[in-house]
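Chains, contacts and geometry: an overview
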Amino acid sequence: MSAPPVIFDRIVVRRHRDRAAPLVGRVEDVLRDCAERLLDRLDDTTRRFTLALDVGGRGVVAPLLRARGIVTVTCDLSPAMARLDGSGLAVAGDEEFLPFAPASFDLVVASLSLHWVNDLPGALIQLRRALRPDGLLLASLPALGTLAELRAALTDAEIGLAGGASPRVSPFPELRDCASLLQRAGFALPVADIEDLRLLYADPMDLARDLRAAGETNALALRDRGPTPASLLPRALAALPRAGERHAATLRFAVLTGWAPGPGQPKALRPGSAATSLASVLEDQPDRNRNLPARPA
Amino acid sequence: MTETPIGSPVDPRLLEILVCPLTKGPLEYDRAANELISRSARLAYPVRDGIPIMLPEEARALDG
């Protein structure tokens, strides 16, 4: 088996999350808004869940799940971030090396937390295995279009200052990649859709402060490790598109739902297994045939 | 062992579901040292403030 490509420096991802743990209150509102949109999906099912795993919920997701009466274990790559959870059900663990036994949970929620994983298919497979049969995965991931304004502004500013550009915003998946990822990881009934959240900043430097407080600063393995020109960030942020007096940044995230395969789930019939032909059904209902073209004799 | 237990013990509900992240093998809970021991990976994972730190880079290698 070939090793997955190393896109992110996981040591730096952990360091950023450790550093963000005491600051995360600053972005709690945005994180909660995103988490609530994700957990809204729970209202679409009549299933009741008893034991959930919250992956990387930054102290925001687990309380929302517990408010719904679901016992919730929270797991974060950063021990400092895991410690934000005071319930006694927190674990420091790596999404790429998940420390849970098969069939432990009936719900896994990963709100904006799987996008720093190098081996996303591998992480999804491990999450599926941690689910009991017919357990639900709810995950949101920043999708292509997230921070597009910032990516463009940083690239323009860096070319202006240094005559070239280095990667500063992560690569994000497209929506169609997300659904096929779920399928590849063995989830049944996979669905992916898009949600947009527009952030407006009076002071564009607040966007940079928010990203730091969320533990979302650059951890790309190919990042420029030299000193960043001091004027780069202010110059780029000032060039963010304006909405009236304020600067805009879009958070576009894909919402992924998939079920661990289980008995009793709807399945497509085996091709050729039908006992009735479509033509005979249509002939039996002449009223419904009114608008059909005449059949050739 | 001269180590004293540090902080709170692991919640029994976690002990039921935790496995070694490297081998997915079972863990033994050493209450005195407050460590989760993976015989298959020959590692002892620390517990801090009741939080199991299931990160191989933070684990202690078992000798012998």
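The structure contained in this document is the topic of the report that follows. All of these numbers come straight from a predicted model, not from anything done at the bench.

1. A few points about the overall build of chain B
- If you tally the helices and strands in chain B, you get one helix and five strands.
- Mapped from its N terminus to its C terminus, chain B presents α and β elements in the order α-β-β-β-β-β.
- Across the 64 residues of chain B, 47% fall into the buried class.
- For chain B, long-range pairs separated by at least 24 residues make up 31% of all intrachain contacts whose partners lie at least 6 apart in sequence.
- If you sum the accessible surface of chain B, you get close to 3500 Å²; carbon and sulfur atoms cover 54% of it.

2. Topic: the overall build of chain A
- Along chain A, the regular secondary structure elements total 10 helices and eight strands.
- For chain A, the proportion of its 297 residues judged to be buried stands at 50%.
- Taking as baseline every contact in chain A between residues at least 6 positions apart, the subset at least 24 positions apart corresponds to 78%.
- Carbon and sulfur atoms provide 56% of the accessible area of chain A, an area that totals close to 14700 Å².

3. A few points about the nonpolar core
- Leu53(A), Val73(A), Phe100(A), Leu114(A) and Leu137(A) are the most contacted members of the largest nonpolar core, which totals 46 residues.
- Considering each element in turn, this core owes the most residues, five residues, to helix α5 (residues 120-130) of chain A.
- Setting aside its immediate chain neighbours within four residues, Phe100(A) contacts Leu53(A), Val73(A), Cys75(A), Val91(A), Phe105(A), Ile17(B), Leu18(B) and Val19(B).
- By size, the runner-up hydrophobic cluster in this structure holds 42 residues, among which are Val24(A), Ala52(A), Leu199(A) and Ala213(A).

4. Description of the interface of chain A and chain B
- Counting residues at the interface gives 22 residues for chain A and 19 residues for chain B.
- Carbon and sulfur atoms supply 64% of the area buried between chain A and chain B, which totals about 1600 Å² over both sides.
- For the interface between chain A and chain B, the tally reads three salt bridges.
- Notably, a salt bridge pairs Arg14(A) with Glu58(B), separated by 2.7 Å at the nearest N-O pair.
- Linking chain A with chain B are eight residue pairs in polar contact (both at pLDDT 80 or more).
- Sorting the residues of the side of chain A that touches chain B by element identifies β2 (71-76), α4 (79-83) and β3 (90-92) of chain A as the ones contributing at least two each.
- Within the side of chain A that touches chain B, the residues separate by chemical class into 15 nonpolar, four polar and three charged.

5. Quick look at the packing of aromatic side chains
Residue and element names in this part refer to chain A.
- Per the stated rule, a full pass over the model turns up one aromatic pair over all chains.
- Aromatic side chains Phe100 and Phe105 sit 5.2 Å apart centroid to centroid with 80° between the ring planes, which places their arrangement in the edge-to-face category. An identical accessibility class is assigned to Phe100 and Phe105; each is buried.

6. Some thoughts on the pairing of strand β1 (residues 51-55) of chain A
All names here are of chain A.
- Counting buried residues along β1, five of its five residues qualify, which places the element largely inside the surrounding structure.
- Going residue by residue along β1, you find Leu51, Leu53 and Val55 tucked away on one face and Ala52 and Asp54 tucked away on the opposite face as well.
- Bridging between β1 and β2 involves five bridges; their strand directions are parallel. The residue bridging Ala52 from the neighbouring strand is Thr72, located in β2.
- Between the parallel pair β1 and β2, the chain is carried across by helix α3 (residues 61-67), and the sense of this crossover is right-handed.
- Relative to strand β4 (residues 105-111), β1 is paired through three bridges, and the arrangement is parallel. Looking at β4, one finds that Ala52 is bridged to Leu107.

7. With respect to the pattern of salt bridges
All names here are of chain A.
- For the coordinates displayed, the defined rule picks out 26 salt bridges over all chains.
- Here Glu96 and Arg10 are joined by a salt bridge, their closest N and O atoms 3.8 Å apart. Taken together, the residues Glu96 in the loop between β3 and β4 and Arg10 in helix α1 (residues 10-20) connect sequence positions 86 residues apart.
- The exposure class assigned to Arg10 is buried, which follows from its relative accessible area of 14%.
- For Arg252, the salt bridge identified is with Asp196, shortest N-O distance 2.8 Å.

8. Some details on helix α2 (residues 28-39) of chain A
Residues and elements named next belong to chain A.
- Compared with an ideal rise of 1.5 Å per residue, which puts 12 residues at 16 Å, α2 spans 16 Å between its outermost C-alpha atoms and is within 8% of the ideal.
- For α2, every residue scored as buried is listed here: Leu31, Cys34, Ala35, Leu38 and Leu39. Burial along α2 is one-sided: seen end-on, the buried residues are contained in an arc of 130°.
- Close packing links the buried residues of α2 with α3, β4, β5 (131-142), β6 (188-201) and β8 (246-259).

9. Here's the deal with unusual backbone geometry
- Phi at Arg58(A) takes a positive value of approximately 50°, unusual for a residue other than glycine.
- Mapping Arg58(A) onto the fold places it in the loop between β1 and α3.
- Judged by its relative accessible area of 4%, Arg58(A) falls in the buried class.
- In this model, Asn34(B) sits at a positive phi of 50°, which is unusual for a non-glycine residue.
- Given the relative accessible area of 3%, Asn34(B) is considered buried.

The rules behind the values
Residues numbered from 1 in each chain as written. Chains lettered and ligands numbered in written order. Predicted model: local features only at pLDDT ≥ 70, side-chain atom pairs only at ≥ 80, totals over all residues. Heavy atoms only, no water. Helix = DSSP H or I, 4+ residues; strand = E, 2+ residues; numbered from the N terminus. Buried < 20%, exposed > 50% of the residue type's maximum accessible area, 1.4 Å probe, protein only. Contact = heavy atoms within 4.5 Å. Areas by Shrake-Rupley, 256 points an atom, 1.4 Å probe, with all protein chains shown as cover. Core = buried A, V, L, I, M, F, W, Y, C linked by side-chain atoms within 4.5 Å. Buried area = accessible area lost by both parts, 1.4 Å probe. Salt bridge = Lys/Arg side-chain N within 4 Å of Asp/Glu carboxyl O. Polar contact = N/O pair within 3.5 Å; in protein donor to acceptor, adjacent residues only side chain to side chain. Nonpolar A, V, L, I, M, F, W, Y, C, P; charged D, E, K, R; others polar. Phe/Tyr/Trp six-rings, centres within 6.5 Å; stacked < 30°, edge-to-face > 60°. Pairing = 2+ DSSP bridges. Right-handed = clockwise from strand over helix to strand, strands pointing away. Expected span 1.5 Å × (residues − 1). Arc of directions from axis to C-beta.

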